[in-house]
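Here is what each chain is made of, one letter per residue.
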Amino acid sequence: MRRVVCPGSFDPVTNGHLDIIGRASRLYDEVVVAVLINMEKKSLFTVEERIEMLQAVTKEYGNVRVDKFHGLLVDYCKQNEIAAIVKGLRAISDFDYELQMAQLNYRMSGVETLFMSTNPEFSFLSSSRIKEITRYGGDVSGLVPDLVHRLLVERLRG
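Predicted model, so just to flag it, every value in this text is computed and none were measured.

Asker: What is the right way to read unusual backbone geometry from this model?
Answerer: Among all residues except glycine, the phi angle is most often negative; among peptide bonds, the trans geometry is most common. The residue after Asp11, namely Pro12, is reached through a cis peptide bond having omega 5°. For Pro12, the position within the fold is in the loop between β1 (3-8) and α1 (15-27). Unlike most non-glycine residues, Phe10 shows phi in positive territory, near 50°. For Phe10, a relative accessible area of 4% puts it in the buried group. Backbone geometry places Glu81, a non-glycine residue, at a positive phi of 55°. You can see Glu81 is positioned in the loop between α3 (73-79) and β4 (84-89). We classify Glu81 as exposed; its relative accessible area is 67%.

Here is the structure:
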């Protein structure tokens, strides 16, 4: 079975994330969307809430599974027999950071990293920008799934 992981914090998941997940699901037998547990980072949504959101918005893909992890991603990959990581790249600045991570991950474990260029329609998206726009009353519909939009507005605007 050809299995890959799409890791991230997904706080919240955006249509850019879903574009990468959906495209990866057409190329691999199983895509594991792995939500990072980072106790040092203040998140808007809990890990459990993010997992529930991701499960709801990826249910149309029969080969996508949502999980969580903490620690090194390569350890998670080894424990789950995942040979490759899929990362979306929005810009050159993403590539600079992600290339270094990919080389470290390969050096530590032999796990490959595959880069997928983001659809230009979503190249400007980031979870932090989505939260900021929502917090100040901006409209992010069309940039996140409807469920996520509703939850963002409830959480950030009361």
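The rest of the description comes next.
Asker: In this structure, what is going on with the nonpolar core? I would like to understand it.
Answerer: Grouped burial of nonpolar side chains is what soluble globular proteins tend to show. If you look at the biggest cluster of nonpolar residues, it comprises 34 residues, and the most contacted ones within it are Ile21, Val31, Val33, Leu54, Val86 and Leu152. The set of elements that each furnish at least two residues to this core consists of β1, α1, β2 (30-36), α2 (47-57), β3 (64-69), β4 and α6 (146-157). Tallying contributions element by element places α2 first for this core, with 5 residues. Those residues in contact with Val31 that sit more than four places away from it in its chain are Val4, Cys6, Ala24, Ser25, Asn63, Val64 and Arg65. In terms of nonpolar packing, the next biggest core, distinct from the first, is built from 11 residues, Ala34, Phe69, Val74 and Ile82 among them.

Asker: So what exactly am I meant to see when it comes to the pairing of β3 here?
Answerer: Consecutive residues of a regular strand have side chains that alternate between opposite faces of the sheet. Both β2 and β3 contribute to a ladder of 6 bridges, which runs parallel. Note that in β3 the partner of Val31 across the bridge is Val64. With respect to chirality, the unit in which β2 leads through α2 into the neighbouring parallel β3 is right-handed.

Scoring rules and cut-offs
- Residues numbered from 1 in each chain as written.
- Predicted model: local features only at pLDDT ≥ 70, side-chain atom pairs only at ≥ 80, totals over all residues.
- Heavy atoms only, no water.
- Helix = DSSP H or I, 4+ residues; strand = E, 2+ residues; numbered from the N terminus.
- Buried < 20%, exposed > 50% of the residue type's maximum accessible area, 1.4 Å probe, protein only.
- Core = buried A, V, L, I, M, F, W, Y, C linked by side-chain atoms within 4.5 Å.
- Contact = heavy atoms within 4.5 Å.
- Pairing = 2+ DSSP bridges.
- Right-handed = clockwise from strand over helix to strand, strands pointing away.

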